[in-house]
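So the chains spell out like this:
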Amino acid sequence: MLILANVRERWSGFLGAFVAVLVGVALITTTLVIYDSARAKVQPRYEGTAALALPKQAVDADGSPEDRMPWSRSEAEPLVSGLAKVPGVAHAVVDRSFYAQAVKGGKPVTDEGAEEAGHGFASARMAPYRLVSGHAPAAADEVVVDRDLGAAVGSELTVNITKGRERFRVVGTVDGPGYYFSEKFAAGQQPGVSNIALIPAKGADTAAIASGAKKVIGDNGSVVSGDGRSELQPEYIEHKRFLGVQLISAMALLGLFTTVFVVASMLVLSTGMRRREIGLLRTIGASPKQIRRMILGEAAVVGLAGSIAGCLAGVAATPVLLSLLKGLDVTPPGMEITVAAWPLLTGSLVGIGVSVIGAWSAGRKAAKVAPIEALLDSRSANKGMGRGRWIAGLSVLGLGVVLAIGTATSTADNRINMAIFATMTLIVAAALLTPAFVGPVGRFLTAPFQRGGKAAPVLIRAELVANPRRAASLVAPVIAAVGFAVLLSGMVSTMRVAYPAGEALKVAGQTIVTPDGTPGNTDEVVADNPVGKAALPTRAFVGTKHDKNGENAENSENAGKSTVLDVLGSRDAKWNKPGEAVLGEKMAGDLGLKQGQEVPVRFADGATVTLRVSQVLPDDPARGDFVVARDLVRAHDPAALTDDIFVPGGAKASAAAPGVALHDAAQYALADYDTDAKLTESLAMMLIVIAVGYSVIAVANSMAMAAHGRRRDFGVMKSAGGTVRQLLFTSAGETALVIVIGAALGVLVTLPPLAGMAAGLSEATSSDVGLHLNSGVVVVAIIGTLVAAVLSGAAVTSKTLKRQAV
């Protein structure tokens, strides 16, 4: 009851923490709801199936489950026959997917899913898609298409497949997307079997079908049914989901960090302003344990109230975030919002937990307040720093420096995350160490104004010197706001310069043939450009008899497992040698292989070929980590599409085939980075808005709390002859000085991670990359924080003075 009474009595003191928890929980709830709504769903083309039989799953180099290993035709035949005999199964369909894209008016028809749009006609039964007109394809030059394509039955249609453009006769139309060929033609495009779909008879029990199918498959694979069928997703949908999850994960992480940081600083400030009250409680017999329990209980109540309000606000804001993500094209098609219980419960637990954790430090200090504090100024203990804070601050600072150095040496995939973690660490270090130098900095900045005969500079200086901990609590959210604005905008600006420059340097003098409206280059395009690098990628499965240390692995936990990896087929005479493979050093180490050893490689058609490791060379992304002869990849993966073709300066590049574009080095570098740059910039701006907006709210609340806590000081100064204008000017001046100190620290803590990132990019791109800052974003962040702080402080001060006048 005492806790609830305290919260009701001192609601203005808890308002800042309440708002901070509300905003943080709202952000976390919104991102979790979006995350839950974006989970993989059963694709429409599988809705008519009872279950899907899938091959065994391989692992990547780190041991994580990845691609399924396709069955060969001979392995799949007895399985299909056995599955067709399972009670309740009407059809057991071998589902094949490969590249197919119509060409109209000399241009490929726009289709995000073109890479997997071709199927055997039997696959149309899985949705099921109904044959609207015509008949099923029987010959190799016949095709059934989506009626929305506008191709009439009996007409000729040019379809781009892996070989290139071919003419097909449209023999039918269906009421669903895709291009449906004869089963024989489809098997030629994708010989391997990666999915056998079980179509139930009318009224059949799907659970019984799945159970029977598992008995047939045995150890040869697995059977998924119900929501488990969502495992099969088109590549472009998976890519969009990956980008969206990366974005909202960054938002949630930033929101969590900012919430913890802001709520902790606010509760420390609020508790520090109550030392006289706590001293009075100690005088009347309250024990340190009771004081800690009171502080933590108040924080839990505030956290609970903020969490409830935050969950409601988060659910209400979810459509706005979904709209933004759709605008960035990082959501699966047809995604809709579904509100489950776990995002709300998680958000609430985070809000309450953050409040209690944030109050722990404040409660620990409050428990040490002596009864004599009831007779002293509540800010009397705000001087200096304790030994524990010095140790914590210096330790965190050291960790931040290590992370900043690590930013320069980390891999490209980890560099951004490393820079963010380094900045977070340095922000915490700056907040912990601020009391040590806020006084000296305040004296230095106010020194030029001391001789003017004005009282305001003297009062501002005295306040900062006398109460460094209070000032540090006010500075903390400013450091976070400006720090994240500088970091995120600086990362985008630096990468925008670094990556195109490095890529242009690598391909200088070459003409690059790139896909334009297609997912890759066909063999027709490769034939038109017979000179230059034309890598043919495929996913292959490598089985080794050795572990990473070169020892026999037959008895290890990975025995019998295959590693899935990207294999490149090269037409370069140095690597295009039958029966041989060239590995990068890291790949060879991961697979436990050495030069001269033999390695079995299973390809997309289910066939296994034994290759000899002819060379182990230093890693080179331009060459590839596992390189084999191009003809070998084409023989075992007829559906694979070729990557960009790099034509040397002495040869002429051709764009005669549709869906092709030619670029010089500079154009290629800019075009290659443009898509990623747009997404990165959008992500950065969203994170900047979140971080700065959240911190601005925290700054405004902190300044309002501080102004409210100094009402007695204002009363004394007014009694001494200070006018309302003078007091407002003094309040605004002190606030502005605090913002300047916080902004300077915010810039300083981000420079080491950004410098480390620039150094790493210089090495990765083999170009001179300097540190680039977006001055516009930084200025807006500082001015926005300054305006919010000054206005909130002035508003509370003005209101306090008016009440005192009354």
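Coordinates for the structure precede this section.
For the structure given in this document, a descriptive report is provided here. (Residues numbered from 1 in each chain as written. Predicted model: local features only at pLDDT ≥ 70, side-chain atom pairs only at ≥ 80, totals over all residues. Heavy atoms only, no water.)

### Re the pattern of salt bridges
Note the threshold: A side-chain nitrogen of Lys or Arg and a carboxyl oxygen of Asp or Glu constitute a salt bridge if their distance falls within 4 Å. Helix and strand definitions here come from DSSP, where helices need a minimum of 4 consecutive H or I residues and strands a minimum of 2 consecutive E residues; each element is numbered from the N-terminal end. For the exposure calls, accessible area comes from a 1.4 Å probe over protein chains only, and a residue counts as buried if that area is under 20% of its type's maximum, exposed if over 50%, partly exposed in between.
Per the stated rule, a full pass over the model turns up 14 salt bridges. Between Asp566 and Arg539 there is a salt bridge, and its shortest N-O distance comes to 3.1 Å. Placement of Asp566 in strand E18 (residues 563-570) and of Arg539 in strand E17 (residues 536-542) is noted, with a sequence separation of 27 residues between them. Of the residues examined, Asp566 reaches a relative accessible area of 48% and is grouped as partly exposed. Look at the salt bridges and you will find they share partners, linking Asp67, Arg539 and Asp566 into a network.

### Side note on the packing of aromatic side chains
Going by this rule: To pair, rings of Phe, Tyr and Trp, with the six-membered ring standing in for Trp, must have centres within 6.5 Å; the planes then decide the type, stacked if under 30 degrees apart, edge-to-face if over 60, and tilted in the middle.
Evaluated as defined, the whole model comprises six aromatic pairs. Pairing Tyr35 with Trp342 gives two aromatic rings, centres 6.5 Å apart and planes at 90 degrees, and the pair type is edge-to-face. Separated by 307 residues along the polypeptide, Tyr35 in helix H2 (residues 11-37) and Trp342 in helix H9 (residues 341-366) bring together distant segments of the chain. Since its relative accessible area comes to 40%, Tyr35 is described here as partly exposed. In this structure Trp342 comes out as partly exposed when scored by relative accessible area, which is 34%. Ring geometry for Phe168 versus Phe181: centroids 5.1 Å apart, planes at 65 degrees, classification edge-to-face. Remark: Phe181 occurs in strand E12 (residues 179-181) and Phe168 occurs in strand E11 (residues 164-174); sequence separation between them is 13 residues. Side by side, Phe168 and Phe181 carry an identical accessibility label, which is buried. Here the aromatic residues Phe98, Phe168, Phe181 and Phe185 are joined through ring pairs into a cluster of three or more.

### Here's the deal with the sheet that holds strand E14 (residues 221-225)
The cut-off we apply is this: Pairing between strands requires that DSSP locate at least two bridges from one strand to the other. In this description, a line fitted to the C-alpha atoms serves as the axis of each element, helices being fitted only across the stretch in contact, and the angle between N-to-C directions of two axes falls anywhere from 0 to 180 degrees. Should any heavy atoms of two residues lie within 4.5 Å, those residues are considered in contact.
A sheet is described by the order of its strands in space; here four strands give the open sequence E4-E13-E1-E14, paired in antiparallel fashion. Sheet topology places strand E4 (89-94) and E14 at the edges, where each strand pairs with a single neighbour. Taking the axes of each pair of neighbouring strands and ignoring which way they run, one obtains an average angle of 20 degrees across the sheet. Taken together, the five bridges between strand E1 (residues 51-55) and E14 define a ladder with antiparallel strand orientation. Counted as the bridge partner of Leu52 is Val224 from E14. Contacts between helix H3 (residues 73-84) and the sheet are confined to E1, E4 and strand E13 (196-200), with E4 contributing the most and set at about 160 degrees to the helix.

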